[in-house]
Amino acid sequence: MNKLQLKVGEKEFTAKIGIVFLENVTKAENLTLTEVLTKFESETLFFVPKLIYYAIENGGGKCTLEQITDWLDKVGIVNDEVMKFSKAFGDSVRIHVPKDMLAEIEGKPKATKKK
């Protein structure tokens, strides 16, 4: 699990990214893990606010998705806090997601086992 402090506007939140976070995102958004990762890559601007929301919620914080999108409207998607979150999300994915699934998402051929 990755735990990090995120400053959204004037408020500081603990965001937790890990297995429970990934499960919460897949269930709430009705997506497979592969679809979550694909949306992160292809729809970053629209999907990152939701991921931040779920991570803050998983960390015990109380905020709304509207608060996060309003904040992002002011600071932009390349803000230091967003980049910190994106790095933590990527680190968590590398730990928790099977390498074959990551290769499939990145368009790389799956590794085959030698007999």
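Use the structure listed above.
Residues numbered from 1 in each chain as written. Predicted model: local features only at pLDDT ≥ 70, side-chain atom pairs only at ≥ 80, totals over all residues. Heavy atoms only, no water.

Asks: Explanation requested: the side chain of Glu81 in the structure shown.
Replies: Relative to the helices and strands, Glu81 resides in helix H5 (residues 80-96). Glu81 has contacts with Gln5, Leu6, Lys7 and Trp71, leaving out every residue within four places of it along the chain. (Helix = DSSP H or I, 4+ residues; strand = E, 2+ residues; numbered from the N terminus. Contact = heavy atoms within 4.5 Å.)

Asks: What exactly am I supposed to notice about the packing of helix H2 (residues 33-42) against H5 here?
Replies: Packed helix pairs are characterised by how far apart their axes lie and by the angle those axes make with each other. Between H2 and H5, the least distance of the axes is 13 Å, while the angle of their chain directions is 150 degrees. At the point where H2 passes H5, the crossing takes the left-handed sense. Here Val36, Leu37 and Phe40 of H2 lie close against H5, whose contacting residues are Ser86, Phe89 and Val93. Looking at the contact of H2 with H5, its residues break down into five nonpolar, one polar and no charged. (Axes fitted to C-alpha atoms, helices over the stretch in contact; angles between N-to-C directions. Left-handed = near helix turned anticlockwise from the far one by under 90°. Nonpolar A, V, L, I, M, F, W, Y, C, P; charged D, E, K, R; others polar.)

Asks: Just to check I follow, could you spell out the pattern of salt bridges for this structure?
Replies: Two side chains of opposite charge can pair, provided their charged atoms sit close to one another. As enumerated under the stated definition, the model contains six salt bridges in all. A salt bridge links Lys84 to Glu81; the nearest nitrogen and oxygen atoms lie 3.4 Å apart. Pair noted here: Lys84 and Glu81 are both in helix H5, with a separation of three residues, about one helical turn. Using a relative accessible area of 18% as the deciding quantity, one classes Glu81 as buried. (Salt bridge = Lys/Arg side-chain N within 4 Å of Asp/Glu carboxyl O. Buried < 20%, exposed > 50% of the residue type's maximum accessible area, 1.4 Å probe, protein only.)

Asks: Could you clarify how one ought to interpret the packing of aromatic side chains in this entry?
Replies: Any pair of aromatic rings gets described here by the distance separating the centres and the angle formed by the planes. Counted by the stated rule, this structure contains four aromatic pairs. Here Phe21 and Phe89 contribute two aromatic rings whose centre-to-centre distance is 6.1 Å and whose plane-to-plane angle is 80 degrees, an arrangement assigned as edge-to-face. Note that Phe21 is positioned in helix H1 (residues 19-29) and Phe89 in helix H5, a separation of 68 residues in sequence. Relative to Tyr54, the ring of Tyr53 lies with its centre 5.4 Å away and its plane at 65 degrees, an arrangement referred to as edge-to-face. (Phe/Tyr/Trp six-rings, centres within 6.5 Å; stacked < 30°, edge-to-face > 60°.)

Asks: Is there a simple way to think about helix H3 (residues 44-58) in this case?
Replies: Since the α-helix advances by 3.6 residues per turn, residues separated by three or four positions end up pointing in the same direction. The terminal C-alpha atoms of H3, which comprises 15 residues, lie 20 Å apart, in line with the 21 Å expected from a rise of 1.5 Å per residue. Looking at the buried side of H3, the elements it contacts are strand S1 (2-8), strand S2 (11-17), H1, H2, helix H4 (65-75) and H5. (Expected span 1.5 Å × (residues − 1).)

Asks: Is there a simple way to explain the side chain of Ser92 in this structure?
Replies: Secondary-structure assignment places Ser92 in helix H5. Setting aside residues up to four positions removed in sequence, Ser92 forms contacts with Asn2, Ile17 and Gly18.

Asks: I would appreciate a short explanation of the pairing of S1 in the present structure.
Replies: Working note: regular strand, side chains alternate between the two faces of the sheet. Every second residue of S1 is oriented toward a common face, the buried set being Asn2, Leu4, Leu6 and Val8 and the non-buried set Lys3, Gln5 and Lys7. Sheet topology note: the S1/S2 ladder contains seven bridges and is antiparallel. Bridge pairing in S2 places Val8 opposite Lys11. Linking S1 to S2, which pair antiparallel, is a turn of two residues; within it Gly9 sits at a positive phi near 65 degrees. (Pairing = 2+ DSSP bridges.)

By themselves, these observations are geometric and do not establish any function.
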